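# Descriptive analysis of the structure
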Amino acid sequence: MVRRVYVDNGSSVNIMYEHYLRELPLDIQRYLKSATAAVVGFTVQSVWPKGKILLPFTLEDYRGNIRKTILTEFIVVQAPSPYNILLGRTGMWKLQAVSSTVHGLLKLPTEEGVAIVQNTTTGPPERSHIVQPEQAEPMEEEGIYLDTLSWALADMIGIPRSIIEHHLNINSSCVPVKQKKRIMAKERNEIVNKEVEALVKFGVMRAMQLPKCISNPVLVKKANGTMRMCVEFINFNKACPKDTCPLQEIE
């Protein structure tokens, strides 16, 4: 019996974590084959899997009288996770299952009728919560070093230009544009000034004398009611040639 299976409709593959594979009998582990492609989305970068394995996967009704088995492929990855298996879209499609995260249920058709699989955990996973960056505190989770993330402007120390440098591909025939200053309401102007002062203080922005290009700041209201300061890059977008080879969908 497999415990701690996470259903992820956003994943294009089924994942088996290496720590669980090592718990399986050796006669099952020998079916592990070499991987042919990297997996994107784990630890914020591409991860080369340990391999792939084709195994029967069975889901049982919570009443214990109905079950369904499919033969599906799992990608084995070495990554910290509180789960043993991540069931993605391919597995859900083979099971013809429908999930409800609100009710913690999974329904799938079988020859004996509709099977219902219940979530046995009490409440949502601890790492599935939302916090504001200025209120966030480093979370303690074994195997994950969250102190490497930027939780505030002071943490954004930057990257030396000798390592990486960004370049804007601007059409040379375009003329620099200076947008006219837009008048904001007093409360909005105070938000912009406060944000700019913080960005300048920590070196994210710096003052320039007689700039050739000027864009106005724009305040966008977030879902939690606070304001996010953005910059209007309409003129920059018009000056940059369109990318004829856009990125594919990344899972």
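Here's what I pulled together on the structure shown here. Quick caveat: nothing in here was measured; it's all calculated off a predicted structure.

This part takes up the nonpolar core. Residues Met-16, Phe-57, Leu-59, Leu-95 and Leu-108 are the most contacted members of the largest nonpolar core, which totals 21 residues. Secondary-structure elements contributing two or more residues to this core are α1 (18–21), β5 (51–60), β6 (67–77), β7 (85–87), α3 (89–95), β9 (105–110) and β10 (113–118). The dominant element in this core, judged by the number of residues it contributes, is β5, at four residues. Leu-108 has contacts with Leu-59, Lys-68, Leu-95, Gln-96, Ala-97, Gly-113, Val-114, Ala-115 and Val-117, leaving out every residue within four places of it along the chain.

Let us look at the sheet that holds β10. The three strands lie next to each other as β8-β9-β10, forming an open sheet whose pairing is antiparallel. This sheet does not close on itself; its edge strands, each paired only once, are β8 (98–100) and β10. Taken pair by pair, the neighbouring strands of this sheet meet at an average axis angle of 20 degrees, ignoring direction. Here β8 pairs with β9 via three bridges, running antiparallel. The residue of β9 that forms the bridge with Ser-100 is Leu-105.

We now examine the sheet that holds strand β2 (residues 15–17). The mixed open sheet is built from five strands, whose spatial order is β1-β7-β2-β6-β5. Of all the strands in the sheet, just β1 (5–7) and β5 have a single pairing partner and so form its edges. Each adjacent strand pair in this sheet contributes to an overall mean axis angle of 30 degrees, direction not counted. Here β2 pairs with β6 via three bridges, running parallel. The residue bridging Tyr-17 from the neighbouring strand is Val-77, located in β6.

Before going further, it helps to examine the state of the cysteines. Applying the stated criterion to the full structure yields zero disulfides. Considering cysteine sulfurs only, Cys-240 is the nearest to Cys-174, which forms no disulfide, with 8.2 Å between them. Judged by relative accessible area, Cys-174 falls into the partly exposed class, the value being 33%.

Here β5 shows one buried face, formed by Gly-51, Ile-53, Leu-55, Phe-57 and Leu-59, and one open face, formed by Lys-52, Leu-54, Pro-56, Thr-58 and Glu-60. In the sheet, β5 pairs with β6 via ten bridges, with the strands oriented antiparallel. Considered in β6, the bridge of Gly-51 is made with Val-76. Hairpin connection from β5 to β6: six residues lie between these consecutive antiparallel strands, with Gly-64 at a positive phi of about 85 degrees.

Under the definition given, this model contains three salt bridges. Glu-232 serves as the salt-bridge partner of Arg-182, at 2.7 Å between the closest nitrogen and oxygen. With Arg-182 in the loop between β10 and α4 (186–201) and Glu-232 in the loop between β12 (227–231) and α5 (234–239), this pair connects stretches of sequence that are 50 residues apart.

This brings us to unusual backbone geometry. Phi is positive for Gln-96, close to 55 degrees, though the residue is something other than glycine. Its place among the elements puts Gln-96 in the loop between α3 and β8.

Here the focus is the packing of aromatic side chains. In total, this model carries three aromatic pairs according to the counting rule given. Ring centres of Tyr-6 and Tyr-83 lie 5.0 Å apart, and the angle between their planes is 45 degrees; this geometry places the pair in the tilted category. Here the residue Tyr-6 occupies a position in strand β1, and Tyr-83 occupies one in the loop between β6 and β7, the gap between them amounting to 77 residues. The exposure class of Tyr-6 is partly exposed, given its relative accessible area of 31%. The exposure class assigned to Tyr-83 is buried, which follows from its relative accessible area of 9%. Taking the centre distance of 5.9 Å and the plane angle of 65 degrees together, the rings of Phe-57 and Phe-74 count as edge-to-face. Taken as a pair, Phe-57 in strand β5 and Phe-74 in strand β6 lie far apart in primary sequence, 17 residues in all. Of the two residues, Phe-57 and Phe-74, neither departs from the other in class, the shared state being buried. It is Arg-4 that lies over the ring of Tyr-83; its NZ or CZ is 5.1 Å from the centre.

Procedures and definitions
- Residues numbered from 1 in each chain as written.
- Predicted model: local features only at pLDDT ≥ 70, side-chain atom pairs only at ≥ 80, totals over all residues.
- Heavy atoms only, no water.
- Core = buried A, V, L, I, M, F, W, Y, C linked by side-chain atoms within 4.5 Å.
- Buried < 20%, exposed > 50% of the residue type's maximum accessible area, 1.4 Å probe, protein only.
- Helix = DSSP H or I, 4+ residues; strand = E, 2+ residues; numbered from the N terminus.
- Contact = heavy atoms within 4.5 Å.
- Pairing = 2+ DSSP bridges.
- Axes fitted to C-alpha atoms, helices over the stretch in contact; angles between N-to-C directions.
- Disulfide = S-S within 2.5 Å.
- Salt bridge = Lys/Arg side-chain N within 4 Å of Asp/Glu carboxyl O.
- Phe/Tyr/Trp six-rings, centres within 6.5 Å; stacked < 30°, edge-to-face > 60°.
- Lys NZ or Arg CZ within 6 Å of the ring centre and 35° of its normal.

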